[in-house]
Amino acid sequence: MKTSKPVLLAVAFVSLALLAVALYLQHVEGMLPCPLCVIQRYAFAAIAIICLIAVYLPRGPGKIATALAALSAIAGAGVAGWHIYIKANPTVSCGIDPLETSLNTIPTAKLLPFLFQADGLCTTEYAPILGLSLPQWALVWFAVMATYLIYATLSLIHISEPTRQAEI
């Protein structure tokens with residue numbers, strides 16, 4: 001696990017930093033999160049939690065946890081991609097709909113409404129940040145994290161030959 005621990009810690013840190021940016025944009029800049037934004041927040045939170053747990057697990061369970069974090073990043077990328085599609089096609093909407101109603105009844109939304117309460121519309125246009133919309137930034141970060149997590153998973157699967165020789 002020596003080679004993957006720094007990667008897992010870095011990915012966890014980036015995920016938590018992105019959640020902090022989301023909270024800043026919501027509470028300071030007044031950008032209300034839509035249901036898809038909240039689902040992406042859940043993905044970032046899952047990635048951070050799983051990575052922090054994986055750091056302390058032995059190789060076998062650590063490999064599984066790292067793969068789960070990679071799957072969370074891939075799922076988050078899928079949600080971000082769908083959000084980008086909705087923004088590009090304003091006739092498609094997820095605004096105030098059953099998804100939001102059920103999303104806001106999840107226990108974490110009731111315990112941490114400042115983080116997981118969906119109050120906005122998916123088609124609301126906010127000013128781009130460095131030329132990209134928020135879902136585009138999320139997609140970029142999910143792709144980067146998925147890449148590093150897949151690398152970390154593969155580094156746990158493949159034990160190099162010199163290491164095997166030394167173990168024998």
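Computed from a prediction, not measured in an experiment: that's the story for all the values here. (Residues numbered from 1 in each chain as written. Predicted model: local features only at pLDDT ≥ 70, side-chain atom pairs only at ≥ 80, totals over all residues. Heavy atoms only, no water.)

**Notes on the overall build of the protein chain**
The helix and strand tally for the protein chain stands at eight helices and zero strands. Sequence-ordered secondary structure for the protein chain, helices as α and strands as β, is α-α-α-α-α-α-α-α. In the protein chain, which comprises 168 residues, the proportion classed as buried is 38%. Pairs at least 24 apart in sequence give 81% of the contacts found in the protein chain among residues at least 6 apart. (Helix = DSSP H or I, 4+ residues; strand = E, 2+ residues; numbered from the N terminus. Buried < 20%, exposed > 50% of the residue type's maximum accessible area, 1.4 Å probe, protein only. Contact = heavy atoms within 4.5 Å.)

**Let's talk about helix α1 (residues 5–27)**
Taking 1.5 Å per residue, 23 residues should reach 33 Å; α1 reaches 33 Å between its end C-alpha atoms and fits that length. Residues of α1 that are buried: Val7, Leu8, Val11, Ala12, Ser15, Leu18, Leu19, Ala22, Leu25 and Gln26. (Expected span 1.5 Å × (residues − 1).)

**Here we look at a nonpolar patch on the surface**
A cluster of nonpolar side chains, contributed by Ile64, Leu68, Leu71, Ile74, Ile150 and Leu154, occupies part of the molecular surface with about 550 Å² of accessible area. Every element with two or more residues in the nonpolar patch is listed here: α3 (59–88) and α7 (134–157). Counting residues per element, the nonpolar patch draws most heavily on α3, at four residues. Tracing the backbone shows Ile74 in helix α3. (Patch = residues over 30% accessible without salt bridge, like charges linked within 9 Å, V, L, I, M, F, W, Y side chains within 5 Å. Areas by Shrake-Rupley, 256 points an atom, 1.4 Å probe, with all protein chains shown as cover. Salt bridge = Lys/Arg side-chain N within 4 Å of Asp/Glu carboxyl O.)

**What to know about the side chain of Thr153**
Structurally, Thr153 is set in helix α7. The class for Thr153 is buried, based on a relative accessible area of 10%. One polar contact links the side chain of Thr153 to the main-chain carbonyl oxygen of Leu149, over a distance of 2.8 Å. When residues no more than four places from it in sequence are discounted, the contact partners of Thr153 are Lys63, Thr66 and Ala67. (Polar contact = N/O pair within 3.5 Å; in protein donor to acceptor, adjacent residues only side chain to side chain.)

**Quick word on the environment of Cys51**
Among the secondary structure elements, Cys51 is positioned in helix α2 (residues 35–55). With 41 residues separating them in the primary sequence, Cys51 and Ala10 have C-alpha atoms 9.0 Å apart. Filtering out sequence-adjacent residues up to four positions away, Cys51 remains in contact with Leu8, Val11, Ala12, Ala69 and Leu149.

**Some details on the packing of α2 against α3**
It is the contact of α2 with α3, at a shortest axis distance of 9 Å, that shows an interaxial angle of 165°. By the angle class used here, α2 and α3 are roughly antiparallel. For the pair α2 and α3, the sense of crossing is left-handed. Of the residues assigned to the contact of α2 with α3, the class counts are 17 nonpolar, six polar and no charged. (Axes fitted to C-alpha atoms, helices over the stretch in contact; angles between N-to-C directions. Parallel < 35°, antiparallel > 145°, perpendicular 65-115°, else oblique. Left-handed = near helix turned anticlockwise from the far one by under 90°. Nonpolar A, V, L, I, M, F, W, Y, C, P; charged D, E, K, R; others polar.)

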